[in-house]
Amino acid sequence: MLSKEEIFETIKMVSSQHLDVRTITMGISLLDCIADTTSETCDRIYDKITTKAKNLVKVGNDIQNEFGVPIVNKRISVTPVSLVTARTGNSIDVAKVLDKCAQEVGVDFIGGYSALVQKGMTDFEKEFLYTIPQALAQTQRLCSSVNVASTKTGINMDAVKIMGDIIKETAYLTREQDSIGCAKFVVFANAVEDNPFMAGAFHGVGEADTVINVGVSGPGVVKVALEKIKDGDLTEVAETVKKVAYKITRVGQMVAQEASKRLNANFGIIDLSLAPTPVMGDSVGHILEEMGLETVGAYGTTACLALLNDAVKKGGIMASSHVGGLSGAFIPVSEDIGMINAVNKGCLKLEKLEAMTAICSVGLDMVAVGGDTPADVLSAMIADECAIGVVNNKTTAVRVIPVYGKNSGSVSFGGLLGTAPIMPINTTSPSKFISRGGRIPAPVWANKN
Amino acid sequence: MKAIISVIGEDRPGIIAKVSSKLFEMNVNIEDISQTIMQNYFTMIMMVDTSKSSADFATISQAMVQLGQEIGMDIKMQNQSIFDAMHRV
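Draft legend 1. Structural context of the overall build of chain B. Across its full length, chain B holds three helices and four strands. Its helices and strands in sequence order give chain B the pattern β-α-β-β-α-β-α, from N to C terminus. Here the C-alpha atoms of chain B give a radius of gyration of 13 Å, agreeing with the 12 Å that 2.2 N^0.38 yields for 89 residues. When its C-alpha atoms are laid out on the principal axes, chain B stretches across 35 × 30 × 20 Å.

Encoded structure:
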């Protein structure tokens, strides 16, 4: 029999500590939509997505009402579009159809305008990469990602060079909205095929036809639990985070199973990430401060984050039958009030942020920089993040926004994307390094076979 | 279906009577009931079984929310499995 305290604890987690399921993401394979002509491909994509995801939003809302846990986002990820349009080209037409599908079924984002070029690029894939700025500028809900590196293959520096250029162009094309297009574009090392979170979600080719992946959240719940052990040592801190992560993940597991059943889709994975939002009481930065830092960015931040990230995984793994996606603490600057405050106070600089990305998911996320940042500096930032991911055998990513026409202050993207302070960066030229191109070889421990 | 109804707010006479008579109208069986003052709030928790009711979950849940608005209490009905998932291995 459940105790009153247990029931009350669950109710409080939702009502005042922002416990929610951050996203139910339906992965849909588009491989069977490939046709001889672009218009036929587009028709098949439209029919498939609007059929498979027809009830996605309704089912999400039904589960929310029945179980009393908010399900914040319902989203769709699809097969990397560069694979779908390789035969016919005209990728922008597909981008527009995906955007239309998202609008029709009522999801806020659809991810998968993507390419996997970690080792090399076909001529078509190279052409595809240059369509990304237009695709993002001409759509509202489309998200794009490119995998440019992996532990097994090393870093494709030819692709890294192109990334700097297309981020700049995206910033220019969406300049009327503070370069918001860049907030919908992620460059990855070691991208995962079952990530439910945007902007980096795509439906991998090793996946089943239709899959439900769920991202849980709950930084507020973790913080409140830590507030109760002000004088506990760090072993106790880790144990407390583990227990909370277990409870949060159990909710995600239950929602994922229920959603898969009702939507007639395979249950894929639970992503154990602690995903913050810009509202007060939902911040990963504040968890680190609760551990004993004056402000995020102080020495000790990396160690606190390592403890948090590891304890979340340990607690969550037993709670779910399949863990996957990115699974770790997210540190998107613009989406976390604790991180925003730390940047504004001058306590959190890009170098510290880079160190933090070595031990958590995902990487330099939602970082705004000056609009006059040269493309090769952006490429070099990406190369550094890729190096961290490739050598540490983990996923890293860069979602950087060089805000066109602005070099200081902050920009507001609204909603979950939040408000990004423009961070000063080191603009010493890496130009010669980036222009060399070629590949950085895979690290020695890629050769495990 | 087993569900948990939680009623939270300021204590006053007649809360149990109003909630239970509404449930009786809809043929929802109350299996356990407890009340307490928790963190300065009157809190009543009912474990109920909706399987004999002709109304579906959403209808009963909506009726509870509406009753809450009428009597100035926060009333929620949730599928019990979320509590079991969170608190039982």
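Anyway, onward from the coordinates.
Draft legend 2. Up close: the packing of aromatic side chains. All names here are of chain A. One pass over the structure, following the stated rule, counts four aromatic pairs over all chains. Seen in terms of ring centroids, Tyr 172 and Tyr 404 are 5.1 Å apart; in terms of plane orientation they differ by 75°. Their pairing is edge-to-face. Remark: Tyr 404 occurs in the loop between strand 11 (396-403) and strand 12 (410-412) and Tyr 172 occurs in helix 8 (residues 157-173); sequence separation between them is 232 residues. By relative accessible area, Tyr 172 is classed as partly exposed at 36%. In this structure an aromatic cluster arises from ring pairing among Tyr 113, Phe 124 and Phe 128. Looking at Lys 100, its charged tip hangs above the ring of Tyr 46, at a distance of 4.7 Å from the centre.

Draft legend 3. Focus on the layout of surface pockets. All names here are of chain A. Approximately 410 Å³ is the volume found for the largest pocket. Mapped by element, the contributors of at least two residues to the lining of the largest pocket are strand 2 (71-78), strand 6 (185-189), strand 10 (364-370) and strand 11. Taken together, the residues of the lining of the largest pocket break down into 16 nonpolar, six polar and six charged.

Draft legend 4. Structural context of the pairing of strand 4 (residues 142-150) of chain A. All names here are of chain A. Taking burial as the measure, the nine residues of strand 4 include nine buried ones, the bulk of the element. Two strands pair when backbone bridges link them, and strand 3 (residues 110-116) and strand 4 are joined in this way by six bridges, in the parallel orientation. If you follow Tyr 113 over to strand 4, its bridge partner there is Ser 144. The pairing of strand 4 with strand 6 spans five bridges and is classified as parallel.

Draft legend 5. Geometry of empty space enclosed by the protein. Residues and elements named next belong to chain A. Inspection of the entire model under this criterion finds one cavity of 30 Å³ or more. Taken as a whole, the largest cavity spans an internal volume of roughly 50 Å³. Looking at the largest cavity, the residues that line it are Val 216, Ser 217, Ala 245, Ile 248, Thr 249, Leu 272, Ser 273, Leu 274 and Val 312. With three residues, the top contributor of residues to the lining of the largest cavity is helix 10 (residues 234-263).

Draft legend 6. Quick peek at the sheet that holds strand 3 (residues 41-49) of chain B. Reading across from one edge, 2-3-1-4 (chain B) is the order of the four strands in this open sheet, with antiparallel pairing throughout. Of all strands in the sheet, those with a lone pairing partner are strand 2 (29-38) and strand 4 (74-79) of chain B, marking the two edges. Averaged over all pairs of adjacent strands, the angle between strand axes in this sheet comes to 15°, irrespective of strand direction. Pairing analysis gives six bridges linking strand 1 (residues 2-9) of chain B to strand 4 of chain B, with the strands arranged antiparallel. The residue bridging Ser 6 of chain B from the neighbouring strand is Lys 76 of chain B, located in strand 4 of chain B. The strands touched by helix 1 (residues 4-16) of chain A are strand 1, strand 2, strand 3 and strand 4 of chain B; relative to strand 2 of chain B, the strand with the most contacts, the crossing angle is about 75°.

Draft legend 7. Seen up close, the interface of chain B and chain A. On the chain A side, the residues contacting the 27 residues of chain B number 25 residues. Across the chain B to chain A interface the summed buried area is about 2,500 Å²; carbon plus sulfur atoms make up 70%. On the surface where chain B and chain A come into contact, there are one salt bridge. There are seven residue pairs in polar contact (both at pLDDT 80 or more) connecting chain B and chain A. At the level of secondary structure, the elements contributing two or more residues to the side of chain B that touches chain A comprise strand 1, strand 2, strand 3, strand 4 and helix 3 (81-87) of chain B. Its residues assigned to classes, the side of chain B that touches chain A shows 13 nonpolar, 11 polar and three charged.

Draft legend 8. Looking closely at the nonpolar core. Among the nonpolar cores identified, the biggest contains 144 residues, and Ile 49, Ile 76, Leu 98, Val 148, Met 163, Leu 308 and Leu 353 of chain A are the most heavily contacted of them. Here this core gets 12 residues from one element, more than from any other, and that element is helix 10 of chain A. Contacts of Leu 98 of chain A, omitting those with residues within four sequence positions, involve Leu 30, Ile 45, Ile 49, Val 78, Val 81, Ile 110 and Leu 142 of chain A. Judged by nonpolar contacts, the second largest core, of 21 residues, contains Ile 15, Val 48, Phe 57 and Ala 63 of chain B.

Draft legend 9. Highlighting the state of the cysteines. All names here are of chain A. Inspection of the entire model under this criterion finds zero disulfides over all chains. Take Cys 33: it sits in no disulfide, and the sulfur closest to it among the cysteines is that of Cys 101, at 9.3 Å. With relative accessibility at 2%, the residue Cys 33 sits in the buried group. Here Cys 143 stays unpaired: no disulfide links it, and the sulfur of Cys 182, its closest cysteine neighbor, is 12 Å away.

Draft legend 10. Molecular detail of the environment of Thr 174 of chain A. Residues and elements named next belong to chain A. Mapping Thr 174 onto the fold places it in the loop between helix 8 and strand 6. Exposure remark for Thr 174: the relative accessible area of 6% places this residue in the buried category. On a C-alpha basis, the gap between Thr 174 and Leu 364 in space is 21 Å, while along the polypeptide they are 190 residues apart. Apart from the residues lying within four places of it in its own chain, the contact partners of Thr 174 are Ala 137, Ser 179, Ile 180 and Gly 181.

Draft legend 11. Spatial organisation of the confidence of the model for chain B. When the pLDDT values of chain B are averaged, the result is 91; 100% of them are 70 or greater. With a pTM of 0.94, the predicted complex shows an ipTM of 0.89.

About the cut-offs
Residues numbered from 1 in each chain as written. Chains lettered and ligands numbered in written order. Predicted model: local features only at pLDDT ≥ 70, side-chain atom pairs only at ≥ 80, totals over all residues. Heavy atoms only, no water. Helix = DSSP H or I, 4+ residues; strand = E, 2+ residues; numbered from the N terminus. Rg over C-alpha atoms; globule rule 2.2 N^0.38 Å. Phe/Tyr/Trp six-rings, centres within 6.5 Å; stacked < 30°, edge-to-face > 60°. Buried < 20%, exposed > 50% of the residue type's maximum accessible area, 1.4 Å probe, protein only. Lys NZ or Arg CZ within 6 Å of the ring centre and 35° of its normal. 1 Å grid on protein atoms, 1.4 Å probe; cavity = no way out; pocket = protein on both sides within 12 Å on 5 of 7 lines; lining within 4 Å. Points joined across faces, edges and corners; volume = space filled by probe spheres on them. Nonpolar A, V, L, I, M, F, W, Y, C, P; charged D, E, K, R; others polar. Pairing = 2+ DSSP bridges. Axes fitted to C-alpha atoms, helices over the stretch in contact; angles between N-to-C directions. Contact = heavy atoms within 4.5 Å. Buried area = accessible area lost by both parts, 1.4 Å probe. Salt bridge = Lys/Arg side-chain N within 4 Å of Asp/Glu carboxyl O. Polar contact = N/O pair within 3.5 Å; in protein donor to acceptor, adjacent residues only side chain to side chain. Core = buried A, V, L, I, M, F, W, Y, C linked by side-chain atoms within 4.5 Å. Disulfide = S-S within 2.5 Å. pLDDT = per-residue confidence, 0-100.

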